[in-house]
Amino acid sequence: MIGKDILGLRDLDAADIHRILDTATRFRAVSERAIKKVPTLRGRTVVTAFFENSTRTRLSFDLAAKRLSADVLGFSASTSSTRKGETLMDTARNLDALKPDAVIIRHGAAGAPHMLARAFPWSVINAGDGINEHPTQGLLDLLTMRDHLGDLRGRRVAIVGDVFHSRVARSDIFGLTKLGARVLVAGPGTMCPPELAELGVELRHTIDEVIEDVDVVMMLRIQRERLGRAMMASSREYARFYGLDLDRLRRARPDVLVMHPGPINRGVELAPEVADGERSVILEQVTNGLAVRMALLYLLLGRGAGEGGDA
Amino acid sequence: MIGKDILGLRDLDAADIHRILDTATRFRAVSERAIKKVPTLRGRTVVTAFFENSTRTRLSFDLAAKRLSADVLGFSASTSSTRKGETLMDTARNLDALKPDAVIIRHGAAGAPHMLARAFPWSVINAGDGINEHPTQGLLDLLTMRDHLGDLRGRRVAIVGDVFHSRVARSDIFGLTKLGARVLVAGPGTMCPPELAELGVELRHTIDEVIEDVDVVMMLRIQRERLGRAMMASSREYARFYGLDLDRLRRARPDVLVMHPGPINRGVELAPEVADGERSVILEQVTNGLAVRMALLYLLLGRGAGEGGDA
Amino acid sequence: MIGKDILGLRDLDAADIHRILDTATRFRAVSERAIKKVPTLRGRTVVTAFFENSTRTRLSFDLAAKRLSADVLGFSASTSSTRKGETLMDTARNLDALKPDAVIIRHGAAGAPHMLARAFPWSVINAGDGINEHPTQGLLDLLTMRDHLGDLRGRRVAIVGDVFHSRVARSDIFGLTKLGARVLVAGPGTMCPPELAELGVELRHTIDEVIEDVDVVMMLRIQRERLGRAMMASSREYARFYGLDLDRLRRARPDVLVMHPGPINRGVELAPEVADGERSVILEQVTNGLAVRMALLYLLLGRGAGEGGDA
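Thresholds, definitions, all that
Residues numbered from 1 in each chain as written. Chains lettered and ligands numbered in written order. Predicted model: local features only at pLDDT ≥ 70, side-chain atom pairs only at ≥ 80, totals over all residues. Helix = DSSP H or I, 4+ residues; strand = E, 2+ residues; numbered from the N terminus. Expected span 1.5 Å × (residues − 1). Buried ≥ 20, exposed ≤ 12 C-beta atoms within 10 Å, placed from the backbone. Axes fitted to C-alpha atoms, helices over the stretch in contact; angles between N-to-C directions. Parallel < 35°, antiparallel > 145°, perpendicular 65-115°, else oblique. Left-handed = near helix turned anticlockwise from the far one by under 90°. Contact = placed C-beta atoms within 7 Å. Nonpolar A, V, L, I, M, F, W, Y, C, P; charged D, E, K, R; others polar. Pairing = 2+ DSSP bridges. Least-squares fit on C-alpha atoms with pLDDT ≥ 70 in both. Core = buried A, V, L, I, M, F, W, Y, C linked by C-beta atoms within 7 Å. Domains from an automatic or database assignment.

Asker: Before we go on, may I ask you to explain helix α2 (residues 56-67) of chain B in this structure?
Answerer: At 3.6 residues per turn, the α-helix brings residues three or four places apart onto the same side. Residue and element names in this part refer to chain B. Over its 12 residues, α2 extends 16 Å from the first C-alpha to the last, a length consistent with the 16 Å expected when each residue adds 1.5 Å. Burial analysis of α2 places 12 of its 12 residues in the buried class, the great majority of the element. Residues of α2 that are buried: R56, T57, R58, L59, S60, F61, D62, L63, A64, A65, K66 and R67. One or two residues past the end of α2 sits S69, with phi positive at roughly 70°.

Here it is, written out as structure tokens:
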């Protein structure tokens with residue numbers, strides 16, 4: 001049973017996940033119509049509270065809420081009272097006084113969404129908390145894989161890059177293991193430390209050790225500022241050991257799916273010919289992100305409205 | 001009779017104020033519903049023109065307009081042509097050419113909203129002008145007090161802090177005296193100079209001289225940059241003479257109301273246990289702010305629409 | 001026939017232009033009503049993607065889309081993934097995955113809108129690309145002139161200022177010559193180089209050589225940072241040779257129209273008495289801008305909706 005909030009894939013079971021993905025599939029159709037809007041959440045208030053910069057995730061949620069006819073209030077750290085020293089809880093208490101229905105939060109501190117979810121009656125959707133989780137990204141990744149592969153049980157998925165510091169990777173790992181897939185991770189030592197094995201994944205050292213063997217290769221965005229810490233000379237060096245180019249892709253299964261959460265560093269973790277190639281499903285991920293976010297808003301807020309049949 | 005604009009509480013009489021508060025009380029119910037929206041201002045254009053940064057006031061007006069189904073255009077100084085040296089009047093003439101119905105303005109210059117109100121046919125709502133007035137804050141404060149105390153005639157209200165530089169305090173003083181309350185102010189000398197007596201308030205020197213004696217204590221936000229000017233050693237020093245903590249609160253009437261316009265400096269003007277304590281009505285103030293802003297937009301714009309019955 | 005996009009006036013013929021202006025005239029009436037909204041584009045998604053700062057053009061498009069009931073997604077360079085090094089094409093592919101109906105783009109690179117228009121199925125409206133074109137400004141200028149002068153064939157229009165670096169001037173020149181008007185340009189040498197003659201305009205050297213002779217004088221905004229390059233001592237010097245003041249205006253035809261794309265540098269290219277005088281139609285330009293943008297969105301997106309009769 002999906003509860004009041006979506007905080008992480010760690011909290012969902014396989015049935016919950018499939019139910020969300022099924023709902024997302026139905027909402028994907030709304031965005032294919034000429035009139036891309038349903039009245040489901042008319043009169044509901046959705047707040048996007050982004051304490052870290054974001055464009056694509058914020059726009060995706062914003063559009064999801066608008067296509068469901070909700071009112072959207074945007075709130076970002078750069079213009080907020082948090083700059084006047086207000087605590088997150090005080091900011092949230094103030095939002096609460098405006099009677100929102102859902103707050104979508106991105107915050108640099110892991111656990112921030114959970115704190116709000118416990119304290120307030122409205123639904124909280126985690127749009128990324130520290131290096132903990134980014135569950136809507138995980139769900140859109142799962143939907144994209146399920147579309148192409150069907151049942152994910154026994155499927156093999158490689159995640160390549162800075163897995164340790166990636167909330168996307170963590171949500172993917174939780175989701176994939178719950179749906180029965182096997183996850184292999186590859187990245188430089190500090191990015192894929194042995195502790196990761198506790199999450200139920202297999203550790204490899206380079207992309208070459210995973211590429212031949214998997215149904216999906218998920219390339220993570222490399223944070224250039226992390227390369228230094230990882231003791232790698234340059235992004236060119238990174239590309240040599242961990243980047244996915246055409247040569248490596250030729251050694252993969254012919255039907256491998258290439259995924260990336262975006263934005264892409266072309267020529268670093270992903271060669272342009274691969275990003276734009278026929279095995280890439282990166283833009284399907286974006287489309288699915290919108291559908292997943294519409295589905296979650298509907299599942300969390302829309303059921304009482306008695307208008308769900310519109311979708 | 002409420003006119004075209006809301007520029008300050010100085011311009012309203014007691015009957016106007018009670019009428020606004022009565023309307024706000026009805027609109028407060030809209031935000032308690034599942035469908036938090038009425039069609040009253042459909043097709044009306046409300047512009048929020050904030051030449052000073054704000055989050056909470058801007059969000060409150062934005063949501064008020066959306067819950068009345070108006071279209072909202074956001075305009076902030078940081079992205080505006082004013083950075084290209086355009087005068088306020090030229091900016092306003094350009095807005096006028098877009099045929100707005102109301103412009104909500106916050107500006108660093110006292111009198112800026114009045115200038116626009118005289119020059120243009122649309123309604124102007126003052127969201128804070130210099131150190132002059134912040135009438136919607138004043139109205140929400142009055143509504144909060146009236147909810148708890150009923151008739152304010154003869155009630156005693158203390159305003160503590162930098163009263164001289166506070167547009168919130170000035171609007172509160174105008175409103176409270178019109179409704180028959182007595183206002184006591186307390187703050188360091190430069191923050192509560194003798195001239196304030198001209199506004200019809202009694203001056204005291206410390207919070208201890210007012211705390212035992214009042215129905216409401218309104219704590220102002222201290223601007224840290226003002227502390228220097230006020231010749232006080234630090235915010236700790238300020239808290240000692242002017243902050244409200246549990247010890248002081250125990251000396252107040254047991255039914256005293258603690259108010260604050262937010263955002264709070266916890267541990268400076270207000271101890272956390274007091275801000276979050278049972279005498280605090282700070283979050284009711286925020287809820288009432290939304291209701292007051294809906295009421296004003298309705299009273300200024302909505303009467304011609306013939307849909308007022310919806311609220 | 002107007003196609004999928006509006007990239008520049010260079011691409012339109014006189015019949016297209018008149019059809020857009022006729023449609024704009026009808027939409028202008030919508031903004032004069034109490035209920036300033038038609039349902040024409042309900043459920044359509046319009047993205048404003050401004051990679052250069054803008055207030056007035058962005059607000060005008062935003063309001064145009066809202067008055068047509070479209071959903072508007074705002075996207076600006078300062079908050080975008082482009083700061084993470086994403087290419088324009090990757091940003092656009094991501095927008096594409098959200099299934100927008102129209103993208104309104106302002107970009108520092110000439111040709112950026114054309115690139116997107118070729119690559120994607122949605123409508124692109126150029127809101128200014130480098131020093132190439134700003135077609136909606138050109139159309140609003142033409143509408144303003146047509147309102148006052150009727151048929152523009154044989155009419156004489158002076159454009160004064162930095163014509164070479166002005167995308168507004170280029171769109172005006174393309175539009176005016178297509179409608180049969182004669183265009184005279186005047187400005188310092190580097191701002192009006194001989195190459196401009198290739199666009200079909202006559203070059204003059206000072207405002208005094210054109211002012212007596214024209215039906216319209218279009219004053220361009222001077223970019224203060226360009227004055228240095230143009231070897232002029234100061235903005236005062238500029239005003240002396242190229243500014244329009246009352247003395248010069250007295251030498252013009254009594255029914256001359258004074259135009260300016262805004263924001264005005266008062267006292268530089270335009271004296272305040274002229275900007276606010278009875279020959280100025282500057283604010284009509286702003287009103288017409290909104291109407292032109294509504295017309296374009298309707299013509300590009302609305303025809304399939306079968307609701308065009310609403311306007």
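Let us keep going from here.
Asker: Can you walk me through the packing of helix α5 (residues 135-149) of chain B against helix α11 (residues 282-302) of chain B in this structure?
Answerer: A packed helix pair is summarised by two numbers, namely the angle formed by the two axes and the spacing between the axes. All names here are of chain B. In contact at an axis separation of 8 Å, α5 and α11 are set at 120° when each is read in the N-to-C sense. The pairing of α5 with α11 is recorded here as oblique in orientation. Helix-helix and strand crossings are classified by hand; for α5 and α11 the assignment is right-handed. Side by side, α5 and α11 meet where T136, L139, L140, D141, L143 and T144 of the first sit next to E284, Q285, N288, G289, V292, R293 and L296 of the second. Taken together, the residues that form the contact of α5 with α11 break down as five nonpolar, five polar and three charged.

Asker: Is there a simple way to explain the sheet that holds strand β1 (residues 45-50) of chain B in this structure?
Answerer: Backbone-to-backbone hydrogen bonds pair the strands of a sheet. The strands run either parallel or antiparallel. All names here are of chain B. Read across the sheet, four strands follow the order β2-β1-β3-β4 without closing on themselves; strand pairing throughout is parallel. Only two strands of the sheet have a single neighbouring strand rather than two, namely β2 (71-76) and β4 (123-129). Here the average twist between neighbouring strands, direction ignored, is 15°. With five bridges connecting them, strand β3 (residues 102-107) and β4 associate as parallel partners. Directly across from H107, in β4, lies its bridge partner D129.

Asker: What's the story with the relation of the copies chain A and chain B in this structure? I'm lost.
Answerer: Two copies of the chain are present, and they differ by a rotation about an axis and a shift along that axis. It takes a turn of 120° to lay chain A on chain B, together with a shift of 0.0 Å along the axis; the resulting RMSD is 0.0 Å. Each copy turns onto its partner about a three-fold axis.

Asker: How should I be thinking about the interface of chain A and chain C in this particular structure?
Answerer: By a widespread convention, an interface's size corresponds to the accessible area lost as its parts come together. Facing the 22 residues of chain A at the interface are 20 residues of chain C. Ranked by residues supplied to the side of chain A that touches chain C, first place goes to helix α2 (residues 56-67) of chain A with six residues. Across the side of chain A that touches chain C, the residue classes break down as nine nonpolar, seven polar and six charged.

Asker: Explanation requested: the nonpolar core in the structure shown.
Answerer: Note on soluble globular proteins: their nonpolar side chains tend to be buried together. Ranked by size, the top nonpolar core spans 308 residues in total, and within it A:V160, A:V217, A:L297, B:V217, B:L297, C:V217 and C:L297 carry the most contacts. For A:V217, the residues in contact, after removing those within four places along its chain, are A:A158, A:V160, A:I211, A:L244, A:A252, A:V256 and A:V258.

Asker: What exactly am I supposed to notice about the interface of chain A and chain B here?
Answerer: Listed by partner, the interface residues are 19 residues for chain A and 22 residues for chain B. Listing elements by their share of the side of chain A that touches chain B, those giving two or more residues are β2 (71-76) and α3 (88-96) of chain A.

Asker: Would you mind showing me how to read the domain arrangement of chain A here?
Answerer: Residues and elements named next belong to chain A. Along its sequence, chain A is carved into domain 1 (9-133 + 286-310) and domain 2 (135-282). Summarising the inter-unit geometry, the C-alpha centres of domain 1 and domain 2 are found 26 Å apart. Tallying the contact residues gives 22 residues for domain 1 and 19 residues for domain 2. Of all the secondary-structure elements, those providing two or more residues to the side of domain 1 that touches domain 2 are α1 (14-30), β4 (123-129) and α11 (282-302). The residue makeup of the side of domain 1 that touches domain 2, split by class, is 11 nonpolar, five polar and six charged.

Asker: For this particular structure, what's the right way to read the environment of B:L179?
Answerer: Residue and element names in this part refer to chain B. By the secondary structure assignment, L179 is in the loop between α6 (167-178) and β6 (182-186). Between the C-alpha atoms of L179 and R153, which are 26 residues apart in sequence, the distance is 6.1 Å. L179 has contacts with A14, I17, L142, L152 and R153, leaving out every residue within four places of it along the chain.

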